Number of protein chains: 6
Amino acid sequence: MTRPSQRQPDQLRPVRITRGFTRHAEGSVLVEFGDTRVLCTASVEDSVPGFLRGKGQGWLTAEYGMLPRATHTRSAREAAKGKQSGRTQEIQRLIGRSLRAVVDLGALGERQITIDCDVLQADGGTRTAAITGACVAVRDALNKLLADGTLATDPMTDFVAAVSVGIHQGVPVLDLDYDEDSNCDTDMNVVMTGSGGLIEVQGTAEGTPFSRTELNALLDLADAGIRRLVELQKSALGG
Amino acid sequence: MTRPSQRQPDQLRPVRITRGFTRHAEGSVLVEFGDTRVLCTASVEDSVPGFLRGKGQGWLTAEYGMLPRATHTRSAREAAKGKQSGRTQEIQRLIGRSLRAVVDLGALGERQITIDCDVLQADGGTRTAAITGACVAVRDALNKLLADGTLATDPMTDFVAAVSVGIHQGVPVLDLDYDEDSNCDTDMNVVMTGSGGLIEVQGTAEGTPFSRTELNALLDLADAGIRRLVELQKSALGG
Amino acid sequence: MTRPSQRQPDQLRPVRITRGFTRHAEGSVLVEFGDTRVLCTASVEDSVPGFLRGKGQGWLTAEYGMLPRATHTRSAREAAKGKQSGRTQEIQRLIGRSLRAVVDLGALGERQITIDCDVLQADGGTRTAAITGACVAVRDALNKLLADGTLATDPMTDFVAAVSVGIHQGVPVLDLDYDEDSNCDTDMNVVMTGSGGLIEVQGTAEGTPFSRTELNALLDLADAGIRRLVELQKSALGG
Amino acid sequence: MTRPSQRQPDQLRPVRITRGFTRHAEGSVLVEFGDTRVLCTASVEDSVPGFLRGKGQGWLTAEYGMLPRATHTRSAREAAKGKQSGRTQEIQRLIGRSLRAVVDLGALGERQITIDCDVLQADGGTRTAAITGACVAVRDALNKLLADGTLATDPMTDFVAAVSVGIHQGVPVLDLDYDEDSNCDTDMNVVMTGSGGLIEVQGTAEGTPFSRTELNALLDLADAGIRRLVELQKSALGG
Amino acid sequence: MTRPSQRQPDQLRPVRITRGFTRHAEGSVLVEFGDTRVLCTASVEDSVPGFLRGKGQGWLTAEYGMLPRATHTRSAREAAKGKQSGRTQEIQRLIGRSLRAVVDLGALGERQITIDCDVLQADGGTRTAAITGACVAVRDALNKLLADGTLATDPMTDFVAAVSVGIHQGVPVLDLDYDEDSNCDTDMNVVMTGSGGLIEVQGTAEGTPFSRTELNALLDLADAGIRRLVELQKSALGG
Amino acid sequence: MTRPSQRQPDQLRPVRITRGFTRHAEGSVLVEFGDTRVLCTASVEDSVPGFLRGKGQGWLTAEYGMLPRATHTRSAREAAKGKQSGRTQEIQRLIGRSLRAVVDLGALGERQITIDCDVLQADGGTRTAAITGACVAVRDALNKLLADGTLATDPMTDFVAAVSVGIHQGVPVLDLDYDEDSNCDTDMNVVMTGSGGLIEVQGTAEGTPFSRTELNALLDLADAGIRRLVELQKSALGG
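Below or above, wherever it landed, is the structure these notes cover. (Residues numbered from 1 in each chain as written. Chains lettered and ligands numbered in written order. Predicted model: local features only at pLDDT ≥ 70, side-chain atom pairs only at ≥ 80, totals over all residues. Heavy atoms only, no water.)

Here we take up the nonpolar core. With 429 residues, the main nonpolar core has L99 of chain C, L99 of chain D, L99 of chain E together with L99 of chain F as its most contacted residues. Other than its neighbours up to four places away in sequence, L99 of chain E contacts L60, I115, I131, A134, C135, V138 and V160 of chain E. (Core = buried A, V, L, I, M, F, W, Y, C linked by side-chain atoms within 4.5 Å. Buried < 20%, exposed > 50% of the residue type's maximum accessible area, 1.4 Å probe, protein only. Contact = heavy atoms within 4.5 Å.)

Structure representation (structure tokens):
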């Protein structure tokens, strides 16, 4: 089997993480997984949603969008349609949950971090790139709060990164691009911490159901890929 | 460890599947997982959405709702708010994908099956009960089309059922009710076919990340639970 | 003239009132008028809408919905369409007005009762069944508040019930089912108290206008029907 | 009892019907019931809604609106809020039904009449003024279609007018203005044809329930009032 | 060149300004530019939007609407469509800015003036008529606040009026009606104060671009037209 | 007077035009006016909106958006709010009109060009940067259609560019950044063709009205600035 992308089954696409991509946000990261490019910003506000007010803890939430021509053919602008699709909402809920898993909301105090992940160019794996980039953006935003004394202790407990895996012509492969994703029988997104704990596993059979053996092979691939992504996050942060 | 529900870790709640619960729909099933009660109807229409017109194949889609007072405290009616929540959309997309995995849309011909899953009473696990009940409702609807000669061959390729599993005080447990769900570290929904293939695996760490070992224990529990649910589906169908 | 339903002109459909149909709501009643089945819940909240805050009185409001496949052919889900139809709003306003007519909002104190009437199966007369069932659900909810000492005096001043009447092939008939409703020249919904006072009279000529004589015959029928419904409410409440 | 308006119990407010109030619409009537002023236009289009296409018959529908400052204090603009209230929808459905009762849709052919009733100034009874004015606007629009030969036979079968009645301090009174309406125990809108047939009767107890005797007194008042309104319609039309 | 309207190039349409057109609003003006008729009301409320609360200054905002049959063919009701068009929003923002330019919001105190401009009949130039009429409505509303002692000093610093100009068959013409507007190469709306200062200049090439020379000729025309409109405003106010 | 930006009154910010910024769109340009960065894509579709179908001509439209954290403080996502603001609609209508002024829609044939202008970072002048960048994106898209033979003749008749000008402390200045814009008395956006014709002039007094003399000085500045921008467009296109 040769992947459409010519990559090895366990090979990530070239990953680039550019910090400080825009200048207003407390954290602003352009993350690229091959041709997939997502701008992830982390914005800090000194207030929390109503349901948390006065409870002495913070909140972290995420929103996701795609520019209309991020895709091969133009897709309708959600702001013009007047609503976000089910897919958009599913992805932004996933990003929020993933980041909350590594941020101690009590230590954050009564402030909110809003992550915006906007896809400038899509070629598969936008949600996993988004989570991987958002982690760095949140890290940058928190570093500012620590540096200026707003926070005394770091609320971030670990790194978090994500990757997609799938079964292409019977072979488990890592980090699907759009062509591969469209031709996979099974598609799985995995989110893990820097220390190797699982945060989210979302596997879907697109045609034939998958077996426990296949699931395990996919998780092995994802595990190795995410470890590599966390190294890249650390390296982008200058560590 | 004792479960809040006093059940054994691998014990399902009492499951009841009542066919023909309402009389207009081609398939109408009330499914109960303990105190969770979901009305699942399957409606057949002789047309398909625009993107499939003229392609000689059918479609199956699902919608999900909760009556406002299905829950402990009243939740706002989505029709009155003017939009479906992200959670609702996520669930109805999951139900649709799960059922499409066992229906051959080509064999269905140019017709659409719409599944409506409406929660009359909620006590945890509404999406897994919905998938389990919807399978029987679709089976009933297709049986009508086969019986009246509309369809010559059965488009349904297998059964499908779903269950939730989670880690409660360190112990993997099956089929979480609301109290257990609120107190679990990890929560996973698993969808499988009657022949044991995996359709969906959606695991989420609510607090601490989970390990591969835990994941495997949860999948073992789910596998056994779903086998039992498929037996109950077959028995409800008189087989 | 024989009614499509074979009933006598002044004969109600079999009416069943099942209390405690679901377990979370303070009042939960399944009401059946023949094949019409409506789940009516009454939810009590310790706050009132903004326009009543601080005025020492309560509020009672109602919402109405139909499950998509309550009807012969599937109707679109209002939550998915993003708005409630004019018909839905008209009905829920009627239910709210009818119940407010027998509840002393001052005696209720600063709390709100929300009635949800959700049609599980429709066969004509859903709004009149809803009012009749909602009365019992509100009664149950208020009994709880009286029993636990939240309320010292009963805010409910009377029973309320409703029925439809119409002119079918020139003959006034009581409690129209869907077939009869579709074939009536005049259609009227009447809401009355247990002591026989009129709360609402809504008569509509569907084709030929109607006369005062016909109006009077219809009101006589409705009067008798509602008296019977109030007996059934009382009997369901164990009185 | 003296009415706040100093009128006799059976006395209408001064009614003015001004035809040709605006120049684009096929029928355009400003109707005034005292200080209540409603602009009613009838627009003819050569197409019908989808559900009637190809059936050789026409349609008539109505929309209703209030200018934000038609009322004592400014009410929010429905176009800005993004939805029409339940009250608005209830009224426009009533206007549509009332006019359809006197128009033979088959004789209209495949065209649609849209009535727009926009309240320029409100002082009670806007819906009854709207129906009364709309009848004249539709008459004018149909006269144009008859005059230019588009229609050979007149689809309008009768006049239609409407008035409100209520019980004020125990006395049945005709044509309530805003002050009277706010102080009535019972409020009823009656729609009748020129030949005295009833089209709609909508009576509501605002406080105490009403009796059959009161209902009859109110209908007597309405009957006389509507006969007078039809005379005024005819006179405005030059007959 | 002869204008479709037979007017001289620098001739306004007959302008009428009727004060007190409706009775509830603090200021209520019907303004007519030929067949264009706009009802402008100014409503005063004793509160300001959230972003100004406690800042000791007022706010003035405007909303704009067209009755569905104000136009040659019926246009859809924005309240029924559930949103205001881009055109509507553009116009109401322009009206608001224009009036705020002549009202000292500090001197207004913590109160809001809402201007509603509703087009009863459209024949071109609705936005310029609206601004011209709104100025008189605001003047009337403020006079009331001054007369009853609510305000001690007049917040209005000048008059404001507006007119459209365009190039019709090469000739600059003043105050375009609908026919002329549809046939102009360049269309410009100009808003000026009573003392001749420019508030807004919005010029658009509809086909061929325009030159600085043409722009100047158009501004000359507008300047003269607006001076005349301010005279008419003053005269309507009895000055 | 020294500008906050230290620039000369007639000095543009550094302008960069990067073609091919993303790879799916037929034209994709990142335009930067100093710290303002807008991604402009031109998408070509082989169909036109309903009102143009079968008329043998094309259409060009534009949509505009801002990423939530393009601004100093995060602004709410329009897709999440469910509607586009009046400002957004005003800007996208302006971009569309400006580009249509230099594209012969007849020569385009029955196809539509959709321009998407998404602001990645905002520092004043986003609409003028958007128009300037969109011109190059449309040029690239049309060049593709010409190169592959889809079009035989070039529908683009000229270049178009835009710039803002304003009066800062009494001095007319070119190309306002955010700080300058917030402190200007008068603010004007000017759109011109490559050959110097005016397409749009939109001038607004933010405080004191402006005079004809000031208007002329502003137009002189804009004229020179736009000539320079057109040179930069041509140079970016390799001419």
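Moving on, we get to the sheet that holds strand 6 (residues 160-168) of chain D. Within the open sheet, the 8 strands sit side by side as 7(C)-6(C)-8(C)-9(C)-9(D)-8(D)-6(D)-7(D). Their pairing is antiparallel. At either end of the open sheet lies a strand with only one pairing partner, and these are strand 7 (171-174) of chain C together with strand 7 (171-174) of chain D. Taking the axes of each pair of neighbouring strands and ignoring which way they run, one obtains an average angle of 15° across the sheet. Along the sheet, helix 4 (residues 126-147) of chain D makes contact with strand 6, strand 8 (186-193) and strand 9 (198-205) of chain D, crossing strand 6 of chain D at roughly 160°. (Pairing = 2+ DSSP bridges. Helix = DSSP H or I, 4+ residues; strand = E, 2+ residues; numbered from the N terminus. Axes fitted to C-alpha atoms, helices over the stretch in contact; angles between N-to-C directions.)

We now examine the interface of chain D and chain C. Think of interface size as the accessible area that goes away when the parts come together; that is how it is often given. Listed by partner, the interface residues are 26 residues for chain D and 26 residues for chain C. At the surface where chain D touches chain C, the tally comes to 4 salt bridges. Here D220 of chain D and R212 of chain C are joined by a salt bridge, their closest N and O atoms 3.1 Å apart. The tally of links between chain D and chain C comes to 16 residue pairs in polar contact (both at pLDDT 80 or more). Mapped onto the side of chain D that touches chain C, the elements with two or more residues apiece are helix 2 (86-100), strand 9 and helix 6 (212-236) of chain D. (Salt bridge = Lys/Arg side-chain N within 4 Å of Asp/Glu carboxyl O. Polar contact = N/O pair within 3.5 Å; in protein donor to acceptor, adjacent residues only side chain to side chain.)

Rotating chain B by 180° and translating it 0.0 Å along the rotation axis places it on chain C, where the RMSD comes to 0.0 Å. Taken together, the rotation angle and the small translation identify this as a two-fold axis. Here 100% of the contact residues of chain B are again contact residues in chain C; the copies associate through an equivalent surface. (Least-squares fit on C-alpha atoms with pLDDT ≥ 70 in both.)

With that settled, consider the interface of chain B and chain C. On the chain C side, the residues contacting the 38 residues of chain B number 38 residues. Here chain B packs against chain C, burying approximately 3000 Å² in sum over the two surfaces, 48% of which is carbon and sulfur. Per-residue buried area on chain B facing chain C is highest for H24, R69 and R77 of chain B; these three make up 24% of the total on that side. Taken together, the connections running from chain B to chain C amount to 16 salt bridges. The salt bridge partner of R74 of chain C is E63 of chain B, with a shortest N-O separation of 3.0 Å. Of all the secondary-structure elements, those providing two or more residues to the side of chain B that touches chain C are strand 3 (36-45), strand 4 (59-66), helix 1 (78-81) and strand 5 (112-121) of chain B. When grouped by side-chain class, the residues that make up the side of chain B that touches chain C number 14 nonpolar, 11 polar and 13 charged. (Buried area = accessible area lost by both parts, 1.4 Å probe. Nonpolar A, V, L, I, M, F, W, Y, C, P; charged D, E, K, R; others polar.)

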